[in-house]
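Tertiary structure, described
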Amino acid sequence: TTGLAQLRLEAPGVAGRGDLVVLRSYSPVATIGGARVLDPLPQKRRPRSSAAERVDALRTDDLRTVAVAWILEAGAGGLSAARLAARLTLPAADVPALLGDDPEVRRLDTDPPHFVSRAALSDLAAQTERQLAAFHKENPLRAGMSREELRRRLFGRTPPAVFEAVLAALAAEGALRILPDVIARADHAVVLSPAEEEARLALLEAA
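Presented here is an overview of the structure given in this document. Just so we're clear, the structure is a prediction, and the values are computed from it rather than from any experiment.

Relative to strand E2 (residues 30-36), strand E1 (residues 20-25) runs antiparallel, the two sharing six bridges. Bridge assignment links Leu-20 to a residue of E2, and that residue is Arg-36.

In structure tokens form, the structure reads like this:
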């Protein structure tokens, strides 16, 4: 019979996508079977993982399809060209051309290039808008949320380039304003009540 399996080695080994391997037991010494490497650097998976169907799609010889599948699986963190190259067993310089202008993937101009699914970026953008809306509701007298606080809350597990790409896209759409120290929704403005305005003027006069 044939099937998918993830091998967990006792020590580091060297293998590339497409390599053929022989599986043997210690005692008694016997050949168990053979295998073809689909992913030399896979994520750890539990037995009967629901991701098995996605892994099965990696049987294809179309490397672009495989690369896109891995990027989608990586979610908001995405994958660097170097990581993709190692998993595809290709020179890193060949990865950008391989992905080309795939509609599901966005290339971030870092060095080396980093690739993230457009769906993941859209989801992060929506989360960013909701986070800022909640912040303004709770802190109406503050100009905005600090960049570091926003990054920590939503982008703690993503490369800095993902954070900057999401902010730049939202700013370009007119959804938010990027101030020197804080980030705010474009429609947010600090509005003082009459009593607060009176207190502000009194403080200014006292200064």
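It is worth spelling out the environment of Glu-149 at this point. Within the fold, Glu-149 resides in helix H6 (residues 147-154). Separated by 36 residues in the primary sequence, Glu-149 and Arg-185 have C-alpha atoms spaced 15 Å apart.

One pass over the structure, following the stated rule, counts one aromatic pair. Ring centres of Phe-155 and Phe-163 lie 4.9 Å apart, and the angle between their planes is 55°; this geometry places the pair in the tilted category. Side by side, Phe-155 and Phe-163 carry an identical accessibility label, which is buried.

Going through the model one piece at a time under the given rule, you end up with eight salt bridges. Across the salt bridge formed by Asp-102 and Arg-64, the nearest N and O atoms sit 3.4 Å from each other. Of the two residues, Asp-102 is situated in the loop between helix H4 (95-99) and strand E4 (105-108) and Arg-64 in helix H2 (residues 63-74); the sequence distance between them amounts to 38 residues. The partly exposed category is assigned to Arg-64, whose relative accessible area is 28%. Between Arg-147 and Glu-164 there is a salt bridge; the shortest N-O distance is 2.7 Å. With Arg-147 in helix H6 and Glu-164 in helix H7 (residues 160-172), the pair connects residues that are 17 residues apart, well separated along the chain. Of the residues examined, Glu-164 reaches a relative accessible area of 38% and is grouped as partly exposed. A single network of salt bridges, built from pairs that share partners, joins Arg-64, Asp-101 and Asp-102.

Tracing the backbone shows Leu-84 in helix H3 (residues 81-88). By relative accessible area, which is 0% here, Leu-84 ends up buried. Between the C-alpha atom of Leu-84 and that of Glu-104, which follows or precedes it by 20 residues, the distance is 16 Å. Residues within four places of Leu-84 in sequence aside, it is in contact with Ala-67, Trp-70, Ile-71, Leu-79, Val-95, Leu-99 and Phe-115.

Quick notes on the rules
Residue positions are counted from 1 within each chain, in the order its sequence is given. Owing to the predicted nature of the model, reporting of local features is limited to residues with pLDDT of at least 70; listing and counting of side-chain atom pairs is limited to 80 or more, with chain, interface and lining totals taken over all residues. Note: side-chain values were computed over all heavy atoms of the structure, leaving out hydrogens and water. Strand pairing is assigned whenever DSSP identifies at least 2 bridges connecting the two strands. Each helix is a run of H or I in the DSSP string that is no shorter than four residues. Each strand is a run of E no shorter than two, and both are numbered from the N terminus. Any Phe, Tyr or Trp ring, taking Trp's six-membered ring, that has another such ring centre within 6.5 Å forms a pair; planes under 30 degrees apart are called stacked, those over 60 apart edge-to-face, and the others tilted. The classification of residues rests on relative accessible area computed with a 1.4 Å probe and restricted to protein chains. Under 20% of the type maximum is buried, over 50% is exposed, and intermediate values are partly exposed. Just to be clear on terms, a salt bridge is a Lys or Arg side-chain nitrogen sitting within 4 Å of an Asp or Glu carboxyl oxygen. A contact between two residues is defined here by any heavy atoms of the two lying within 4.5 Å.

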